[in-house]
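Listed below, chain by chain, are the residues.
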Amino acid sequence: MIKDLFDMSLKTFDGYGHDNSIVFKSATTCYRSEEHTTKTPEQFVEMLKHNKHLAMLEFTYYTFAIEFNIVAFTKYYNEIRNIKDLFEKFKYFETSDVIHPMKSEIFFISGNGRAWMDFFASIRSITSYECYVLGSLLKKLQEANITMFNETCVNNISIVNYNNNEQNIILDIELFDSNESFYKYYSQKHLSVNDINDEVLLKHFWFSFKAEGVSRGLTHELVRHRTFSFAQSSSRYIDNKNFDLKFDIEGFKENIVKENSAIAVNGMLERIDILVEGMKNVYDMFKNTYKVKNDIIRQILPIGISNEICFAANLKSLNHFLELRLSKNAHPEIRCLAQMVVDSINKK
């Protein structure tokens, strides 16, 4: 069936998904299995880890605030600098420094679940100061999501019992579970917050979405935004014999009606409909009569096939996406999605 190109929906997920709910919804999008799976979100995470399908673990987010004691800052400058370097040099983290006048320096670190797992796996040698900080962060990660971080270790030894002797350097370590909790803390600690364009908020605000009823052509453009995380319905594992075709019917009419009668235009649309039905019949015949695998027969599916995709990114990456995709030069379908993203963020 032909469906209007702009007949799409966008859902915004709440929070950072520490309960694995967003991972679950994203992973089941790939197979359209949410309604009939018997697995819990925790079982899904265990399965994803076992199968090394770690991209889905990017659909949970962890932002920390480490508050350094400004009195101890001079004495322990090198130690604190080394701690920051651990995070700043890891390419999948976003980091920021904020000075709280006359009291402390606050260091923010953000990354998705997969990034945090890769970070701990990459650690080779650490000092006692670094051990205390990493141990504190790991303990909070395990308290927030033991399923995801139950096997996470540093130097092959799980750091849960960290060195309390180093607490004079650190005043506090906070882990946030949503943009709301992060903003509440940030506005209390950093008095110069003015608007959503604050550089720190751009780096550490995180949003996740699910778009339904969008064409494969749109998703081909969307996945070019490489700093995003994605989970898309799979043409290998989903039966597409009853697919819908997304088509800009009104745009088609506007472009062609000038030199053709309405009868001719409707006739062309009918031919497209016949073509779609023919492709569905061929797909069904290959799959059910000749038992051809989806890997092969998916090649006949059109770029306009309707599908779903989950995506997530911080506000800095989303701003870049919006700058490009709200342009009048952007394809109308992805421009429509970009406007829906704007509307959703503004509601938040």
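Check the entry above for the structure.
What comes next concerns the included structure. Since we're looking at a predicted model, the values are computed, not measured. (Residues numbered from 1 in each chain as written. Predicted model: local features only at pLDDT ≥ 70, side-chain atom pairs only at ≥ 80, totals over all residues. Heavy atoms only, no water.)

## Some points on the sheet that holds strand β5 (residues 104–112)
The strand order β4-β5-β3-β6 describes an open sheet built from 4 strands, whose pairing is antiparallel. Strands at the two margins of the open sheet, each flanked by one partner only, are β4 (94–100) and β6 (170–176). The sheet shows a mean angle of 15° between the axes of neighbouring strands, taken without regard to direction. Pairing of β4 with β5, which is carried by 7 bridges, proceeds in the antiparallel orientation. Along β5, the bridge assignment pairs Ser96 with Phe108. (Pairing = 2+ DSSP bridges. Helix = DSSP H or I, 4+ residues; strand = E, 2+ residues; numbered from the N terminus. Axes fitted to C-alpha atoms, helices over the stretch in contact; angles between N-to-C directions.)

## Quick look at the packing of helix α5 (residues 113–122) against helix α6 (residues 128–144)
One way to put it is that α5 packs onto α6 with a least axis distance of 12 Å and a crossing angle of 145°. In this structure, the crossing between α5 and α6 has a hand that is left-handed. Between α5, through Trp116, Phe119 and Phe120, and α6, the contact on the second element is made entirely by Leu134, Leu137, Leu138 and Leu141. By residue class, the composition of the contact of α5 with α6 is 7 nonpolar, no polar and no charged. (Left-handed = near helix turned anticlockwise from the far one by under 90°. Contact = heavy atoms within 4.5 Å. Nonpolar A, V, L, I, M, F, W, Y, C, P; charged D, E, K, R; others polar.)

## Re the pairing of strand β7 (residues 206–215)
Where burial is concerned, most of β7 is hidden: 9 out of the 10 residues are buried. With 4 bridges connecting them, strand β2 (residues 9–12) and β7 associate as antiparallel partners. Bridge pairing links Thr12 to Phe209 in β7. Here 9 bridges tie β7 to strand β10 (residues 306–314), and the two strands are oriented antiparallel to one another. Bridging from a neighbouring strand, Val214 pairs with Asn307 of β10. (Buried < 20%, exposed > 50% of the residue type's maximum accessible area, 1.4 Å probe, protein only.)

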